Amino acid sequence: MYFGRSTPLATIADGFGHIAARLDGKASPIAVHCHSSEPRMFGWVPLEDCGTAKAAELHLGKSFFDAAAYVGIDSRMGTIIHEVAHLAPGLGANCEAGLTERYREDEVLMLGRLHPGYALENAQNYEYYVEALYGH
């Protein structure tokens, strides 16, 4: 549903494979920075770090720490998946909001239904997919 009915499961698994490879930290580290002064932000990555295999930064705002750990929309787990999707080389998860980035669940579902190719490039689709597996 988050990637469209016609998208092969292998294609979705490949996307999550790119995220997992970036998370394992073997290729290059991800430095995590916490910002309690950013009350409305869950997380972000610098534009120059998007889609690269180099050492990168991931920033977490106060909303991240106020969120549930695993369950629900905008969980901490989901936020990490979302931000690392931006960092994963080969995934193409858009870092520039406004191009294909969609955040609201209804927009994400519509993107998957009408434009599954764009859904595969939208970090929020990966986040909601994982959060749905844990029950939101």
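Our structure is the block above this text.
Okay, so let's go over this structure. This one's a predicted model, so the numbers in the text were calculated from it and none came from an experiment.

Let's shift gears to the pairing of strand E3 (residues 56-61). Counting buried positions over the six residues of E3 gives five, a clear majority of the element. Here strand E1 (residues 30-35) runs beside E3; their pairing, made up of six bridges, is parallel. Of the residues in E3, the one forming a bridge with isoleucine 30 is alanine 56. The pairing of strand E2 (residues 43-44) with E3 spans two bridges and is classified as antiparallel. Within E3, the position partnered with glycine 43 by the bridge is leucine 60.

This part covers the layout of surface pockets. For the largest pocket, the calculated volume is near 340 Å³. Lining the largest pocket are 18 residues, and of these Gly43, Trp44, His82, Glu83 and Tyr103 sit closest to its centre. Broken down by secondary-structure element, the contributors of at least two residues to the lining of the largest pocket are E2, helix H3 (76-87) and helix H6 (123-133). The biggest single contributor to the lining of the largest pocket is H3, with four residues. Its residues assigned to classes, the lining of the largest pocket comprises eight nonpolar, five polar and five charged.

Rules used in this analysis
- Residues numbered from 1 in each chain as written.
- Predicted model: local features only at pLDDT ≥ 70, side-chain atom pairs only at ≥ 80, totals over all residues.
- Heavy atoms only, no water.
- Buried < 20%, exposed > 50% of the residue type's maximum accessible area, 1.4 Å probe, protein only.
- Helix = DSSP H or I, 4+ residues; strand = E, 2+ residues; numbered from the N terminus.
- Pairing = 2+ DSSP bridges.
- 1 Å grid on protein atoms, 1.4 Å probe; cavity = no way out; pocket = protein on both sides within 12 Å on 5 of 7 lines; lining within 4 Å.
- Points joined across faces, edges and corners; volume = space filled by probe spheres on them.
- Nonpolar A, V, L, I, M, F, W, Y, C, P; charged D, E, K, R; others polar.

Nothing here speaks to function; it is all geometry.
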